[in-house]
Amino acid sequence: MAIDPVCGMEVDTASATFVSEYKGETYYFCSPGCKRDFDNQPEHFIRKDDDPGQHPLDARNVNL
């Protein structure tokens with residue numbers, strides 16, 4: 001399993017249809033929209049090890 005870097009959803013790597021390669025890493029997506037968003041702006045969705053607050057999912061506010 002992998003985590004879609006755009007929406008945070010779990011993706012089965014064995015059956016994933018939407019996949020991108022970026023800087024030697026493979027990324028898996030739940031939908032064509034998530035793949036498109038990543039392909040258009042990959043650096044926006046990749047967590048930087050030196051600045052973990054930069055990942056868009058860190059800022060999401062979920063009200064249940």
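Just so it is clear, the model here is predicted, and its values are computed rather than measured. (Residues numbered from 1 in each chain as written. Predicted model: local features only at pLDDT ≥ 70, side-chain atom pairs only at ≥ 80, totals over all residues. Heavy atoms only, no water.)

A. Region of interest: the pattern of salt bridges. Enumeration over the complete set of coordinates arrives at 2 salt bridges. We note a salt bridge from glutamate 43 to lysine 23, for which the minimum N-O separation is 3.2 Å. With glutamate 43 in helix 2 (residues 42-45) and lysine 23 in the loop between strand 3 (18-22) and strand 4 (25-29), the pair connects residues that are 20 residues apart, well separated along the chain. Residue classification places glutamate 43 among the partly exposed residues on the basis of a relative accessible area of 34%. In this structure, the salt-bridge partner of aspartate 39 is lysine 35, at a minimum N-O distance of 2.6 Å. Of this pair, aspartate 39 and lysine 35 both sit in helix 1 (residues 32-40), 4 residues apart, roughly one helical turn. (Salt bridge = Lys/Arg side-chain N within 4 Å of Asp/Glu carboxyl O. Helix = DSSP H or I, 4+ residues; strand = E, 2+ residues; numbered from the N terminus. Buried < 20%, exposed > 50% of the residue type's maximum accessible area, 1.4 Å probe, protein only.)

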